[in-house]
Structures are given as structure tokens and as C-alpha cells.
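Residues per chain are reported as follows:
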Amino acid sequence: MKTDKIINEIIKNMTLTEKIGQMTQLPPTIYIHDSEAVIYGALRNLNLDRLQTFNAGSILGIGSPKEMIKLQKLYLDNATHKVPLMFMADVIHGYKTIFPVPIALASSFNFDVARKAARISAKESYLSGIHVVFSPMCDLSRDPRWGRVVEGFGEDVYLTGEMAKAMVEGYTNYGKLGEDSVACCIKHFAGYGAAEGGRDYNTVDLSRLSLYRDYLPAYKKALDAGADLVMTAFNTLDGVPAVINPFLLKDVLRDAWQSKALTIADYDALNQVIEHGAAKDQVEAALKGIKAGLDIEMASSVYMNKLENLVKSNQVFESQIDEIVGRIIELKIKLNLFENPYSGVNPEKEKEVCLSEEHLNYAKESAIESAVLLENNGILPFKQNTKIALVGPFSKSRAFNGPWSWKGKDDVNSSLEEVFQEQLKFVSEKTNFNDFTDDELLQIKNADVCLITLGEEPHLSGEAHSRSDISLPNNQDEFFESIKQIAKKTVVLVFGGRPLLLNRVKKADALMMCWFLGSKSSEAIYDLCMGKANPSGKLPMSFPRNVGQIPIYYNYLNTGRAYTEGSRNPFVSKYLDVENTPLYPFGYGLSYANFKYSDLSLLKNDLTENDSLVISVTITNESNTLGMEAVQLYIRDYVADIVRPVKELKKVKKVLFKPNESKRIEFELNYNDLSYFDSEGKLKLENGDFLIMVGCSSEEYLSLNFNLKK
Ligand code: NOJ
């Protein structure tokens, strides 16, 4: 039978109550918990009775494969219909094997790394009974105060979009659902990363131009790559909460993009529109949700309790409910759930596959590619016999999984103390310089180098963890400066989930941004420091000099009074107290190799609709070290109907170079790459001059001009 027919058959046999139930997602604690009191408490909070819960369509966050089996069985034994539950969970950068946090994966500037991390995460999740992951987060952000930058891919449109696309391809195995892969739910639609002041959940006030140009493309790319669901954001857009925003859910998603993806509210968000002041009660919230195009609500019971009456009073058509439930059932069919409600789940195999050697090896490889070397005066890599004093809050820690790693366990990880064992002469977790004894100070002095671990604990970034001050916490700058005065050499490793203010620790002999690199963080850092691996990460977000520079990003618009280096004209766009440039720009990151760019050229000087411009550059590894380079191509559209950014990343290639090897690297650009979105969301391409830049960061490149004549 054809899928449409099967779906119609299933729907025909369901009551209206059962159908509306499919549009609700509940947490597992509402069904199974050690204590009945918890279950009844949760039911009371949601104003639901036990019977209603056996109509819910999906579950949020399941603890283990055994729990999934138990819950699915309980559900099917009690449900009056025969539609199995679908299980969704926050698998963000790994299930049990934890990969670098997304902002770190983005630093790899290697889409294959993100794809493979997602593929492994899917395999582990699938065996534990998860059908849908709430990932990737496609929210571009230009504000490091926002705690959730750790879950995203940074400030750039192209990098965010390509990373998100690669993760969707990895999770779904290019759309092969039901065979060791999972469906994915992209989030948070839309503009969540633009929360005012970087404060989580805060108002978003974006121009349509910025929305179309900067924020929407990544969601679109991830949908085109095969994401089946879209989670709405907590914020308002144009004053309307995203969860009931018809412009986003209808005009953009359904009409302009022609997407059939299921829309799902974020946690309790449909209910929260009342607190927003956008609906007077749950009835109005339900009506606004359904009219705007919200298909599923998460962890609230607005639809379950209010939608039926709205249908019975003819305010909502039952056909609309059928259409939504049809798409929910279609996804359950794609996931094989009707053939086997326990599809995928396998407690024995889960134990064998999760944290397998192969998976952990890849955790290390991806961690190596994700660290970013910011400073190095030649101290790194260390020689094998270097005597190290290891200090700072992370020296004995194993907490490198970072936010959203609920299934990752710290005891799987090693500490830096464990991996550097052979080289260590002294180790201390003390964070106050005055607490060191004379003997300890002597040990720091005597070591060849003091390796100082600094940064934010994992709980300082992530959801609801915004900071107004992004300097290193707990007087770590002073701690560093005191050590620097006595140590022969200092190397600083910074952990954290966001760009931090590194002006003061910049003075170390070497500085590495280590983010949270996951299960094999310490091993990866060891290999990088000892020269067994070569750093190749690049920054996916600008690191500001101070908080007042925020928002700071490389692809800004030129002003009519642009500041140029050395200009004495006071009437230009600048600050009196700080430069315009960031401390470390987007795309920046050092290597132990030395890559020289030369001979940038265009193969031909015209471009038509059906072909591409070919740009090539020679890159030579002028060192005896094997290394990878993330080669970046930017464009500038000099003159257009609307002002265009001074630079826009359009292509990235991560290339491996043998010692002293020279390679010619080619990029192709087509009409699409040279086009731009206007404030109505139309893609436009205009004749005229473009600057094409190819280099190792957004500030260091070779360039040439190209004139487009359509
Ligand atoms: C709230 C978060 O905003 C979202 O990202 C997450 O997927 C859901 N809760 C489910 O846990």
C-alpha cells in the first residue's frame, strides 16, 4: 500500500482525542518513575489524567534502552489506538561518547568532522531507543554573553549553515532513517541567538534584512539536508513569540521554503505565550498555535486540554488536525515504528557500541581538530623531556564534556594530570596565588614551563547561563600574572563555552583555546602540546577586547564614515577608548607548520548562469611539520542596491600538507555565491566589481578583483 493510503487508514481509525494526543510530547517521568508521587505530581502540574497520557505522540529524553522498552510496552498495552510512541532527546555533541561542544566542532572548520561526530552519535542513540535528536542548533550568534553560543557554530552564516548541514547528513545518514540513524530536529526557529543583551530567552528585535541575510539561511540549509522537525524558539520576533508566529511558521517555513517538516514548541513554550502577554489563556494559546502552524507542543498540555473544544466549536477544522497527524505518522512510518515499535533499541549492543574504541578514537581526532592555538612564541610543541608544572582549576579535573552531555560521564575521561604524568614535576589545583607555599613556588620556578589551566567551568555556559562579564572568572588574570612573574615560561590552556576576554593572558608564551573537547579532551591536548599532533582549529567567533565592543563580527557593513588605520579624522566610526578590531578575529588560528599563500588567480574572467568561476591559490608548507590548513575564501560585493558586508565567507577547504609540500587549491564560485538576500527575502545578483579574498583568516589573505557582467 502507498504511504498516503496507510496514513489515511490509520487516521480513519482514530478518535479526535487520540489524534490531538499525537500533537503532544511528554517527559518519561509522567509514565515511569520510582515514586508514584512524582508521577501524580507531574500529572497534576500538567492538568492531565493517566488515560490522556496514553494518547501522547512522543517522549522527551529517555534515560536508557531498558527504560525505552518498558515505556513503549506500557504505552502500547494501555493505548486505545495502535500508534507507537516516538522518542526524542537532546543529543547535542554525542550520546555516551562525547565530542567537542558545537562551537568547538565549528572551530575545526572541517565539515567532515561535524558529520562524522553526528554519525557516531546517531549510532549510539539509535541503539538506546532514541528516534529523533534535538540537534543541530542552527542559531547564529554575534553575542558571546549568550550562554548558548556553546551549542552553536558561531557568528558566520556560511559556517553555521554548512556545519548544521553536515550534522544533519551524519545523524540521518543522508536520509536513511531506521538503519542505525536518527531523524533530527533543528532549532530554535528563529533568531534565538539574537537575544537582546545576550540574555537568554530575551526579546529579539531583528530587521527583516538581517533575518534573511544572517539568521535564516542556516535553518534552511539544514532542512534541505533532510531535517524532519523544526523546534521553535523561546523569543519573540516582531513582538510575536516564535511558537505562535505565523510569519515564521507559515510564510517562511511552509510557503517560501515549501517545507513539510514538523514544527515542535520548545519546552512549555506554548503555555508560556500567556506569560509573554500574547494570549489571555490556554484556549487562546491553543488557537494561536494551531493557526500559526505549530504541530507539536512539548511538555505542556495546551493542545491536549483545549484543542478538542476548538474543533467542536468549529474554530479549528478537523482536517487541519488530520493533516498534522498525517505528517507525524509519516515520520513514525519512516522510522519503522509501525513494523517494530522497538526499532533500533538494543540494550546489549548499546553497551558494546557506546564508548567503543573506534568511537573514542574519533572523539580524540575531532578534539585535536577543534582546539585553537592563539599564541605561540615557539615554546610549543614541548620537547619530550620538558619539565612541567601544571596549575589552575582544570589541572586535575575530568569535567571536559561541557554543557548538554547528560549521558557522558566524567569518569570516562582522563585529567591533564594523568596524561602529562611523565613530564610533570608539580601539580596543583590552587586558584589563589597567595595560597602557594614557598616550596610550591620554588617548584613552579624550577620547572621549564608552567602550564596554566584557566577558564569557565562547564556550568557557566549553556541554556539560561548568560554572563554580562565575559572575562576569566575568579581573578584568573591576576593568578596568571603572578605566575608569569616567577615561571620561566607560561603556556595557558583556556576552557569554556564562549569567546572570553583574553587580553591579559595573551601575554603567555603560548595560549590555546580548548573549549570543552569531550571524552578525549586531555589526550588531544597532550598530543597537541607534545607535537604528536598539530593544531589546525580556527575561531568561529570574534574574540572581543572588551564587552563594550559586542556585537562584534567580521562581516559588518561599511559605514559612510569608515575608520581606516591611522586616520586622524575624528568624525569616523570608532570608539575613543578601544580599537574597532577584535582581539582575535574570525577564522584565526595558528599551526606549528608555516603556510605561505601565493599566486592567487582566476582561471577565466567571465561567469554565466550555468558555470563557475575557478579561483586557485598555491599554498606551501614552509616547515618540516605535517599540518592541516583551513583555507578560507571570502568575497566583497563593492556596490549594490543595499550595502553589503565588507567580507563574507563563501568557501572553506581543510587541506593536509606534508612537510614542505606545495599544493594548488581550487575553489568554485557560482551565481548563487555572489547573490544576496534583500529585506523581502529575495535573492538578488547585481553586476559589478567583487573582491575575492583567499587566506588563513578573515584578516590575512591575498585578493583579486572580479567584474560580473551578466
Ligand atoms: C529547552 C531547550 O531550549 C532546547 O534546546 C531543548 O532541546 C529542549 N529544552 C528539550 O530539552
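Residues numbered from 1 in each chain as written. Predicted model: local features only at pLDDT ≥ 70, side-chain atom pairs only at ≥ 80, totals over all residues. Heavy atoms only, no water.

## Quick look at the overall build of the protein
To keep things clear, this is the line we draw: A run of H or I in DSSP becomes a helix once it reaches four residues, and a run of E becomes a strand once it reaches two; helices and strands are each numbered from the N terminus. With the radius of gyration taken over C-alpha atoms, the globule rule is written as 2.2 Å times the number of residues to the power 0.38. Note on exposure labels: buried denotes an accessible area under 20% of the residue type's maximum, exposed denotes more than 50%, and partly exposed covers the range between, all computed with a 1.4 Å probe on protein chains only. Only heavy atoms matter for contacts: two residues are in contact if any of them lie within 4.5 Å across the pair. Computed with a 1.4 Å probe, the accessible areas rest on the Shrake-Rupley method; for each residue, only the protein chains presented here act as cover. Charged residues are defined here as Lys and Arg on the positive side and Asp and Glu on the negative side; His and the ends of the chain fall outside this count. Just so you know, the charge point we use is NZ for Lys, CZ for Arg, CG for Asp and CD for Glu.
For the protein, the count of helices and strands is 21 helices and 25 strands. Relative to the compact-globule value of 27 Å for 710 residues, the protein shows a C-alpha radius of gyration of 26 Å, a close match. Its C-alpha atoms give the protein principal-axis dimensions of about 75 × 65 × 45 Å. Here the protein, with 710 residues, has 62% of them falling under the buried criterion. Within the protein, counting contacts between residues at least 6 apart in sequence, those at least 24 apart form 77% of the total. Surface summary for the protein: the accessible area is close to 27500 Å², and the carbon and sulfur share equals 47%. Averaging the coordinates of the 80 positive side-chain charges in the protein and doing the same for the 93 negative ones gives two points 1 Å apart.

## Regarding the site of the ligand
Heads up, the condition is: If even one non-hydrogen atom of a residue comes within 4 Å of a molecule or strand, that residue is called near it. Here a polar contact is taken to be a pair of N or O atoms separated by no more than 3.5 Å, where protein atoms must pair a possible hydrogen donor with a possible acceptor and residues adjacent in sequence count only if both atoms sit in side chains. Residue polarity follows a fixed list, in which Ala, Val, Leu, Ile, Met, Phe, Trp, Tyr, Cys and Pro are nonpolar, Asp, Glu, Lys and Arg are charged, and the others, Gly among them, are polar.
Surrounding the ligand, one finds 13 residues, the nearest of these being Asp90, Arg148, Lys187, His188 and Asp266. Arg148 is positioned with one of its side-chain polar atoms (N or O) 2.6 Å from an oxygen atom of the ligand. Here an oxygen atom of the ligand sits 2.7 Å away from a polar atom, N or O, in the side chain of His188. Class assignment for the residues of the shell around the ligand results in seven nonpolar, one polar and five charged.

## What about the pattern of salt bridges?
Going by this rule: We define a salt bridge as a side-chain nitrogen of Lys or Arg found within 4 Å of a carboxyl oxygen belonging to Asp or Glu.
Applying the stated criterion to the full structure yields 45 salt bridges. Lys280 is paired through a salt bridge with Glu284; the nearest N and O atoms lie 3.8 Å apart.

## A word on the environment of Asp435
Tracing the backbone shows Asp435 in the loop between β13 (424–428) and α18 (438–446). Between the alpha carbons of Asp435 and Leu85 there is a distance of 56 Å; along the sequence they are 350 residues apart. Excluding residues within four positions of it along the chain, Asp435 makes contact with Lys430 and Glu440.

## A closer look at the packing of aromatic side chains
Going by this rule: Two rings from Phe, Tyr or Trp (for Trp, the six-membered ring) form a pair when their centres are within 6.5 Å of each other. A pair whose planes differ by under 30 degrees is stacked, one over 60 is edge-to-face, and the rest are tilted. By definition here, charges over rings are those cases where NZ of Lys or CZ of Arg is within 6 Å of the ring centre and within 35 degrees of the ring normal.
In the structure shown here, the tally under the stated rule is 22 aromatic pairs. Ring centres of Phe189 and Trp257 lie 5.8 Å apart, and the angle between their planes is 55°; this geometry places the pair in the tilted category. With a gap of 68 residues between them, Phe189 in strand β5 (residues 183–189) and Trp257 in the loop between α10 (246–256) and β9 (262–264) connect regions that are remote in the sequence. Its relative accessible area of 17% is what places Trp257 among the buried residues. The rings of Phe109, Tyr554, Phe586 and Tyr634 are connected pair by pair, giving a single aromatic cluster. Here the basic side chain of Arg142 rests over the ring of Tyr553, its NZ or CZ set 3.6 Å away from the ring centre. A cation over a ring is seen here: Lys187 above Trp404, with NZ or CZ 5.7 Å from the ring centre.

## A closer look at the sheet that holds strand β11 (residues 372–376)
What counts, and what does not: Whether two strands pair comes down to DSSP finding at least two bridges between them. Comment: axis = line fitted to C-alpha atoms, over the contacting stretch for helices; angle = value between 0 and 180 degrees taken between N-to-C directions.
Across the sheet, which stays open at both edges, the six strands sit in the order β11-β16-β15-β14-β12-β13 with mixed pairing between neighbours. Because the sheet does not close on itself, it has two edges, and the strands there are β11 and β13. Going across the sheet, the axis of each strand differs from the next one's by a mean of 15°, ignoring polarity. Note that β11 and strand β16 (residues 510–515) share four bridges and pair antiparallel. Paired with Val372 across the strands is Met513, a residue of β16. Across the face of the sheet, helix α19 (residues 476–486) comes into contact with β12 (388–391), β14 (449–455) and β15 (490–495) while running at roughly 175° to β14. Along the sheet, helix α20 (residues 521–530) makes contact with β15 and β16, crossing β15 at roughly 150°.

## Details of the nonpolar core
Nonpolar side chains tend toward joint burial in soluble globular proteins. Let me state the cut-off plainly: Here, nonpolar core means buried Ala, Val, Leu, Ile, Met, Phe, Trp, Tyr and Cys residues that are tied together by side-chain atoms lying within 4.5 Å of each other. Those domain boundaries reflect an automatic or database domain assignment.
Within the largest apolar cluster, 220 residues are counted, with the highest numbers of intra-cluster contacts made by Tyr31, Phe189, Leu380, Phe382, Phe420, Ile483 and Leu502. For this core, the element with the highest residue contribution is helix α8 (residues 157–172), accounting for nine residues. Counting contributing residues per domain, this core is built from domain 1 (364–548) and domain 2 (593–708), each supplying no fewer than three. Those residues in contact with Ile483, other than ones at most four positions away along the chain, are Val391, Phe433, Phe436, Ile444, Cys450, Ile452 and Thr490. If you look at the next biggest cluster of nonpolar residues, it comprises 28 residues, including Phe657, Ile692, Cys696 and Leu708.

## Section: the sheet that holds strand β20 (residues 648–657)
Strand order in the open sheet formed by four strands is β20-β19-β24-β25, and the pairing between neighbours is antiparallel. In this open sheet, the two edge strands, each paired with only one partner strand, are β20 and β25 (701–708). Each strand of the sheet is rotated relative to its neighbour by a mean of 20°, with strand direction disregarded. Of the strand pairs in this sheet, strand β24 (residues 688–695) and β25 are connected by eight bridges, and their pairing is antiparallel. Residue Gly695 lies in a different strand from β25, and its bridge partner there is Tyr701.

## Here's the deal with the layout of surface pockets
The criterion, for reference: Lining residues are those with an atom within 4 Å of a point, where the points come from a 1 Å grid over the protein atoms alone and group into cavities, where a 1.4 Å probe fits but cannot get out, or pockets, open sets with protein on both sides within 12 Å along at least five of seven lines. Grid points are joined across faces, edges and corners, and a volume is the space filled by probe spheres set on the points.
Approximately 1100 Å³ is the volume attributed to the largest pocket. What lines the largest pocket is a set of 33 residues, and nearest its centre among them are Tyr556, Tyr563, Asn580, Thr581 and Val646. What lines the second largest pocket is a set of 31 residues, and nearest its centre among them are Pro217, Lys221, Lys650, Asn672 and Phe677. Those elements that provide at least two residues to the lining of the second largest pocket are α8, α9 (208–224), α10, β20, α21 (671–674) and β22 (676–677). The greatest single-element share of the lining of the second largest pocket, amounting to eight residues, is contributed by α9. Here the residues of the lining of the second largest pocket are counted per class, giving 14 nonpolar, five polar and 12 charged.

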